[in-house]
Amino acid sequence: MKVIITEDYLSMSREAAKIVLAVVKKNPRAVLGLATGDSPIGMYEEMIRDHEQNGTSYEFISSVNLDEYVGLPASHVQSYAYFMRKHLFDRVNIDLNNTALPDGVAKDKQAECDRYNALLATKRQSVQVLGIGSNGHIGFNEPGTPFDSVTHVVDLTPNTIKDNSRLFASVDEVPTQAYSMGISNILNAEKIVIVASGEKKAWAVRQMIEGEISPAVPATALRGHKDVTVVIDAAAASLLRRE
Ligand code: GLP
């Protein structure tokens, strides 16, 4: 793993954007694996700024997102589909037909997982962007998820429901299930960039980089991938033992 420690969230976002933008500029037909959450918002802002200032085009870029809440339609403000439009898709020239997320309101959940896995088989991520949960989850792959997992329906842990409740009116409104790419879908990406910021992520970051490789901390699976860059700010790096 390559680890880049930056001063703050803004410089973390810029470093991560550099990696993704290099992929977009090199291959106008790249497939971007994208993530939601507060962590990548600044990186998306940098990508939008670059699009506006330098004209980097997303006309032929496609994307696959990590996850989506079960039960929320794409029109719901807390859905990840909505998040992606708001923070990236509506602000660059990507064709929405080339973007994909699991469908939160699909009638048959297993059929939806099968559809998404089939799609991922045809859209290998040129780069996969990740955040990390405070318990070390990636996507919504909670502790205990096997490293060979593919897209599946997840029962969210109480910890994740609590973490994510800040965006909902009350904790009772947070969906209890989500679709998530599995860990093997994530590891299939050609390149991975994971961003984390703030003290709240310091434990998970330490486990990911220095802890035992185990499904107990899903992010440790990334140590088995040949091209991972961890971009973290000083607070998220504060528990690392090694320089
Ligand atoms: C959610 C998402 C993850 C994300 C995590 C951290 O659980 N499913 O993909 O990495 O939250 O979110 P944040 O960046 O807001 O801390």
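What you see is a predicted model; the values in this text were computed from it and never measured.

Caption draft 1: Representation of the packing of helix H1 (residues 9-26) against helix H2 (residues 41-54) in the model. Between H1 and H2, whose axes approach to 8 Å, the crossing angle comes to 55°. As judged from the angle between their axes, H1 and H2 are oblique. Considering how the two elements wind past one another, H1 and H2 form a crossing that is right-handed. Packed against H1, whose contacting residues are Tyr9, Leu10, Ser13, Arg14, Ala16, Ala17, Val20, Leu21 and Lys25, the element H2 presents Ile41, Gly42, Met43, Glu46, Met47, Arg49, Asp50 and Asn54 at the interface.

Caption draft 2: Structural detail: the layout of surface pockets. By volume, the largest pocket amounts to about 690 Å³. Every residue lining the largest pocket is counted, 35 residues in all, and those nearest its centre are Thr36, Gly37, Asp38, Asn164 and Arg166. Secondary structure elements with two or more residues in the lining of the largest pocket: strand E4 (67-69), helix H3 (80-87) and helix H5 (158-164). At five residues, H3 tops the list of elements feeding residues into the lining of the largest pocket. Its residues assigned to classes, the lining of the largest pocket shows 14 nonpolar, 14 polar and seven charged.

Caption draft 3: Examining the sheet that holds strand E10 (residues 228-233) more closely. Taking strand neighbours across the sheet as the criterion, the seven strands line up as E1-E10-E9-E6-E2-E3-E5 in an open arrangement whose pairing is parallel. Of all strands in the sheet, those bounded by a partner on one side alone are strand E1 (2-6) and strand E5 (99-100). Looking at chain direction, strand E3 (residues 62-65) and E5 are connected through two bridges and run parallel. When the sheet's bridge partners are listed, Ser63 is paired in E5 with Thr99. Packed on one face of the sheet, helix H7 (residues 202-210) meets E1, strand E9 (192-196) and E10 and runs near 150° to E10.

Caption draft 4: How the structure looks around the environment of Ala16. Following the sequence through the fold, Ala16 ends up in helix H1. Not counting chain neighbours up to four residues away, the residues in contact with Ala16 comprise Met43, Val193, Val195 and Val231.

Caption draft 5: Inspection of the site of the ligand at higher detail. Near the ligand, the surroundings consist of 13 residues, among which Asp38, Ser39, Asp67, Arg166 and Lys201 are the closest. In the model, an oxygen atom of the ligand is placed 2.7 Å from a nitrogen or oxygen of the Arg166 side chain. When atoms are counted within 2 Å of each cavity's grid points, the one that captures over half of the ligand is the largest pocket. Looking at the shell around the ligand residue by residue, the class counts come to three nonpolar, six polar and four charged.

Caption draft 6: A look at the pairing of strand E2 (residues 31-34). Here E2 shows two buried faces, one formed by Val31 and Gly33 and the other by Leu32 and Leu34. Of the pairings in the sheet, the one linking E2 to E3 comprises four bridges and is parallel in character. What sits directly across from Val31, in E3, is Ser62. What joins E2 to E3 is H2, and the crossover it makes is right-handed.

Caption draft 7: Representation of H2 in the model. For H2, built from 14 residues, the straight-helix expectation of 20 Å at 1.5 Å per residue is met to within 8% by its first-to-last C-alpha distance of 20 Å. Among the residues of H2, Ile41, Gly42, Met43, Tyr44, Glu46, Met47, Ile48, Asp50 and His51 are the ones counted as buried. Contacts made by the buried residues of H2 are with H1, E2, H3 and strand E6 (127-130). Phi turns positive one or two residues past the end of H2, at Gly55, with a value near 70°.

Conventions adopted
Positions within a chain are numbered from 1, following the residues in the order the chain's sequence is written. Side-chain atom pairs in this predicted model are given and counted only at pLDDT of 80 or more, local residue features only at pLDDT of at least 70, and totals for whole chains, interfaces and linings cover all residues. Processing note: side-chain calculations cover all non-hydrogen atoms of the structure and skip hydrogens and water entirely. Axis definition: a line fitted to C-alpha atoms, limited for helices to the stretch in contact. Angles are taken between N-to-C directions and run from 0 to 180 degrees. Counting from the N terminus, the helices are the DSSP runs of H or I reaching at least four residues and the strands are the DSSP runs of E reaching at least two. Note on angle classes: values under 35 degrees are labelled roughly parallel, values over 145 roughly antiparallel, values of 65 to 115 roughly perpendicular, and the remainder oblique. A crossing counts as left-handed when the near helix is turned anticlockwise from the far one by less than a right angle, and as right-handed when that turn is clockwise. Note on contacts: a residue pair qualifies if any of its non-hydrogen atoms lie within 4.5 Å across the two residues. Cavities and pockets were defined on a 1 Å grid built from protein atoms only: a cavity is a group of points that admits a 1.4 Å probe but offers it no way out, a pocket is an open group of points flanked by protein on both sides within 12 Å along at least five of seven lines, and a lining residue is one with an atom within 4 Å of any such point. Grid points are joined across faces, edges and corners, and a volume is the space filled by probe spheres set on the points. Basically, the charged four are Asp, Glu, Lys and Arg, the nonpolar ten are Ala, Val, Leu, Ile, Met, Phe, Trp, Tyr, Cys and Pro, and anything else, Gly included, counts as polar. Note on pairing: two strands pair once DSSP finds at least 2 bridges between them. We call a residue near a molecule or strand as soon as one heavy atom of that residue lies within 4 Å of the molecule or strand. In protein, a polar contact requires one atom able to donate a hydrogen and another able to accept it; more generally it is a pair of N or O atoms within 3.5 Å, and residues adjacent in sequence count only if both atoms are side-chain atoms. Molecules are considered to sit inside a cavity or pocket once more than half of their atoms lie within 2 Å of its grid points. To sort residues, take the accessible area from a 1.4 Å probe on protein chains only and compare it with the maximum for the residue type: under 20% means buried, over 50% means exposed, and anything in between is partly exposed. For crossovers, right-handed means that the path from the first strand over the helix to the second runs clockwise, given strands pointing away from the viewer. Helix span is expected to be 1.5 Å times the residue number reduced by one.

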